[in-house]
Amino acid sequence: MAEPTILPLLRERRSVRGYDETHELATDDLASMLEAARWAPSAGNSQPWAFLVGRRGDVAHHAFVELLAPSVRRWAPAASALVFAVHQTASGPEEDAPLYSDYAAYDLGQAVAQLCVQAGALGLSCHQFAAFDHDGLAELAAVPPHWSVTTGIAVGLGVVSEVAPRTRRPLAEIAYGARFGRPWFRDGC
Ligand SMILES: Cc1cc2nc3c(=O)[nH]c(=O)nc-3n(C[C@H](O)[C@H](O)[C@H](O)COP(=O)(O)O)c2cc1C
């Protein structure tokens, strides 16, 4: 099967590790990215997500950088912003607390995907990362106990192209028909 066509934005996206240290993330661009996340679908429209945002040079960013693992600290501070994604893990004391926490991580991932696609449309690059002090961030930001810190997202103007080939498992290994493991295009679907 020929390689299927997808949006150039998706095909060309890379998790870059080289950012323009002089680029400043415009408030409008940051708001657009967060707005894209806000409009993601979620179980029962529970919207179990929240974001912690620091732009390079501000107080939040300084504090966030301290929490990065060495592997991420090598490249992420140069990005224009560090955004951290958190999701609700249980209904909280709020009256309108989401009731769909079993799907909250799924919902958050989808919101982050939308944020990153919007960033790409604005000419910006995102690199998500897990290597940071999750407990430290929860404490620093006073994240409530029924919320879970998940990932960080470095956002900025990518300047260094990633040279490693971009690899993925083939479609035959991830898309099945009626039987798990049997490629959908060989199953009469
Ligand atoms: C949940 C999650 C955690 C990640 N954690 C890290 C990380 O700690 N450090 C890192 O360099 N990249 C991290 N990445 C980036 C992945 O390594 C990257 O997306 C993957 O290698 C595919 O590369 P691509 O995004 O350029 O296609 C993470 C990505 C996701 C979605």
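That block above? That's the structure.
Because the structure is a prediction, the values reported are computed rather than measured.

About the criteria used
Residues numbered from 1 in each chain as written. Predicted model: local features only at pLDDT ≥ 70, side-chain atom pairs only at ≥ 80, totals over all residues. Heavy atoms only, no water. Pairing = 2+ DSSP bridges. Helix = DSSP H or I, 4+ residues; strand = E, 2+ residues; numbered from the N terminus. Axes fitted to C-alpha atoms, helices over the stretch in contact; angles between N-to-C directions. Buried < 20%, exposed > 50% of the residue type's maximum accessible area, 1.4 Å probe, protein only. 1 Å grid on protein atoms, 1.4 Å probe; cavity = no way out; pocket = protein on both sides within 12 Å on 5 of 7 lines; lining within 4 Å. Points joined across faces, edges and corners; volume = space filled by probe spheres on them. Nonpolar A, V, L, I, M, F, W, Y, C, P; charged D, E, K, R; others polar. Core = buried A, V, L, I, M, F, W, Y, C linked by side-chain atoms within 4.5 Å. Contact = heavy atoms within 4.5 Å.

Chemist: Is there a simple way to explain the sheet that holds strand 2 (residues 81–88) in this structure?
Modeler: In any sheet, the strands associate via hydrogen bonds between backbone groups, in a parallel or an antiparallel arrangement. The four strands are arranged 1-2-4-3 in an open sheet whose pairing can be described as antiparallel. The strands lining the two open edges of the sheet, one partner per strand, are strand 1 (49–55) and strand 3 (125–129). In this sheet, neighbouring strand axes are inclined to one another by 25° on average, regardless of whether the strands run parallel or antiparallel. In this structure, strand 1 lies alongside strand 2, joined through seven bridges in antiparallel fashion. Across the sheet, residue Gly54 finds its bridge partner in strand 2, namely Leu82.

Chemist: How do you make sense of unusual backbone geometry when you look at a structure like this?
Modeler: The bulk of non-glycine residues show a negative phi, and the bulk of peptide bonds are trans. With a phi angle near 50°, Gln47 is a residue other than glycine that sits in the positive phi range. One can find Gln47 in the loop between helix 2 (27–38) and strand 1. Since its relative accessible area comes to 35%, Gln47 is described here as partly exposed. In this structure, Ala142 takes a positive phi of about 55° despite not being glycine. Following the sequence through the fold, Ala142 ends up in the loop between helix 6 (134–140) and strand 4 (147–156). What makes Ala142 exposed here is its relative accessible area of 61%.

Chemist: Honestly, the layout of surface pockets in this entry has me stumped. Any pointers?
Modeler: Taken as a whole, the largest pocket spans an internal volume of roughly 540 Å³. Lining the largest pocket are 16 residues, and of these Glu3, Arg11, Arg168, Arg169 and Leu171 sit closest to its centre. Here the lining of the largest pocket is built from residues that sort into 10 nonpolar, one polar and five charged. In this structure, the second largest pocket encloses a volume near 200 Å³. As for the second largest pocket, its lining consists of Pro8, Leu9, Leu10, Glu12, Arg13, Arg14, Cys116, Val117, Gly120, Leu124, Ser125 and Cys126. The set of elements that each furnish at least two residues to the lining of the second largest pocket consists of helix 1 (8–12), helix 5 (104–121) and strand 3. Ranked by residue count, the leading element in the lining of the second largest pocket is helix 1, at four residues. Taken together, the residues that form the lining of the second largest pocket break down as seven nonpolar, two polar and three charged.

Chemist: It is not clear to me how the nonpolar core should be interpreted in this structure. Could you clarify?
Modeler: Nonpolar side chains in soluble globular proteins tend to be buried together. In terms of nonpolar packing, the biggest core is built from 21 residues, with Leu68, Ala76, Leu82, Phe84, Phe129 and Ala154 touching the most fellow members. Elements supplying a minimum of two residues to this core: helix 3 (59–66), strand 2 and strand 4. Apart from residues no more than four positions distant in its own chain, Phe84 is found in contact with Ala50, Phe51, Leu52, Phe64, Leu68, Phe129, Phe132, Leu137, Thr151 and Gly152. Listed in part, the 19 residues of the second largest apolar core include Leu25, Leu30, Val112 and Leu124.

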